[in-house]
Amino acid sequence: MRLDAPAQRIIALYGGFNEILHAMGLSDRIVARTSNETFPPGIADKPGIGTHMRPNMELIVGLRPDVVLQLAGRKAAGETVTRLRQRGVKVAAFSPATIDELFDTIRTIGALTGSAPAAEALIGRMQSRLDAVRERVQNVQHKPTVFFEVRSPNLLGAGLGGIVNDVIEHAGGRNCVRVDRKMVRLGEEALIGLDPEVYVIQQGPMNQSPRPLAERPLYRTLSACQSGRTLVVDERMFSRPGPRIVEAVETLARFLHPNRMKNRND
């Protein structure tokens, strides 16, 4: 997609794109926010335009954005893109499933905003931190198996098809859910069969009040539970494609390989 001029008025229907704009020094170009967004600082003062999946079309059109940024992949998100384009709104849709694809997304946002140098600078900062982690964990003799809980109950785990898998691999772990999908539904018996060495629980909109593993009777037999290797993490940091994904890698690497990461200076 091409714009006649660099975008000055931007609406991101996915919070990760606001984080990218903020990290590029472009917060002043954000003209609206979706519900419940609190980051970057000051975004709560922007007009609300509904949710990521069900935004208010009239409000968006009335704000006259130069471009709307949307996360692709789900049917409702695609319908939103179609409806906005039918109303003459320019929409750029992205679906980064790896950190490299996230870098491509940042470059495209840099092009749309006329801020390619800022985009490359952001990528450079992120890559430098990833390289620092890689230097410490790349030669580990053992990569612990990791289960990443997306939601419970009605258990969902992160599969091989999403950015969480890339976080696990960059941190020196191995995703025990070997299914090429972003999220995978599992029964408790299947989870017990996987018996992960590390159990990561995201907490956030998709998993608002997860119970500790020790309070889940069938989970107490898991190696991760018996060894105490469980970690509760911020959903918006770990599952949201954005600049903080690097912090997710660092956090998980410190948990998986504390001896190798203990001299890390953030």
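Look up a bit, the structure's there.
This text gives an overview of the structure that appears in the document. Only a predicted model underlies this, so the values are computations on that prediction, with no experimental measurement involved.

This part covers the nonpolar core. Counting residues in hydrophobic clusters, the biggest one holds 55 residues, and the most contacted among them are F17, L69, I106, F148 and L252. In this structure, L69 is in contact with I10, I11, A12, L13, Y14, F17, L21, A92, F94, I109 and L112, ignoring residues within four places of it in sequence. Counting 14 residues, the second largest nonpolar core, distinct from the first, contains L155, Y199, I201 and Y219.

Scanning all chains against the criterion turns up nine salt bridges. A salt bridge links D104 to R107, with the shortest nitrogen-to-oxygen separation between them at 3.6 Å. One end of the pair, D104, and the other, R107, are both in helix 4 (residues 99-112), three residues apart, so they sit about a helical turn from each other. Note that R134 is salt-bridged to D131, the shortest N-O span being 3.4 Å. You can see R134 and its partner D131 sitting in helix 5 (residues 116-137), three residues apart, about one turn around the helix. Since its relative accessible area comes to 40%, R134 is described here as partly exposed.

Closest axis-to-axis distance for the helix 4/helix 6 (residues 163-170) pair is 9 Å, and the angle between their directions is 120°. On the side of helix 4, the interface is formed by I99, D100 and L102, while helix 6 contributes I163, D166 and H170. The residue makeup of the contact of helix 4 with helix 6, split by class, is three nonpolar, one polar and two charged.

Another aspect to go through is the environment of L63. Within the secondary structure, L63 is located in the loop between helix 2 (57-62) and strand 2 (67-71). Residue L63 is classed as buried on the basis of its relative accessible area of 18%. For L63 and R125, which are 62 residues apart along the polypeptide, the C-alpha to C-alpha distance reads 33 Å. Excluding anything up to four places from it in sequence, L63 contacts R9, I11, V31, A32, P47 and I49.

Backbone hydrogen bonds are what pair the strands of a sheet, in a parallel or an antiparallel way. If you trace the three strands from one edge of the open sheet to the other, you get 1-2-3, paired in parallel fashion. One side of each edge strand has no neighbouring strand; the edge strands of this open sheet are strand 1 (10-12) and strand 3 (91-94). Along the sheet, successive strands turn relative to each other by an average axial angle of 20°, direction set aside. Relative to strand 3, strand 2 is paired through four bridges, and the arrangement is parallel. Pairing of L69 across the sheet is with A92, part of strand 3. Across the sheet, helix 3 (residues 75-86) lies against strand 2 and strand 3, angled at about 165° from strand 2, the strand it touches most.

Turning next to helix 3. Helix length check: helix 3 (twelve residues) gives 17 Å between terminal C-alpha atoms against 16 Å at 1.5 Å per residue, within 8%. Restricting attention to buried positions, one finds in helix 3 the residues A77, T80, V81 and L84. Viewed end-on, helix 3 has its buried residues packed into an arc of 100°, placing them on one side of the element. Turned more than 90 degrees away from the buried face of helix 3 sit K75 and Q86, all of them exposed. Among the structural elements, helix 2, strand 2 and strand 3 are those in contact with the buried residues of helix 3. One or two residues past the end of helix 3 sits G88, with phi positive at roughly 85°.

Calculation rules
- Residues numbered from 1 in each chain as written.
- Predicted model: local features only at pLDDT ≥ 70, side-chain atom pairs only at ≥ 80, totals over all residues.
- Heavy atoms only, no water.
- Core = buried A, V, L, I, M, F, W, Y, C linked by side-chain atoms within 4.5 Å.
- Buried < 20%, exposed > 50% of the residue type's maximum accessible area, 1.4 Å probe, protein only.
- Contact = heavy atoms within 4.5 Å.
- Salt bridge = Lys/Arg side-chain N within 4 Å of Asp/Glu carboxyl O.
- Helix = DSSP H or I, 4+ residues; strand = E, 2+ residues; numbered from the N terminus.
- Axes fitted to C-alpha atoms, helices over the stretch in contact; angles between N-to-C directions.
- Nonpolar A, V, L, I, M, F, W, Y, C, P; charged D, E, K, R; others polar.
- Pairing = 2+ DSSP bridges.
- Expected span 1.5 Å × (residues − 1).
- Arc of directions from axis to C-beta.

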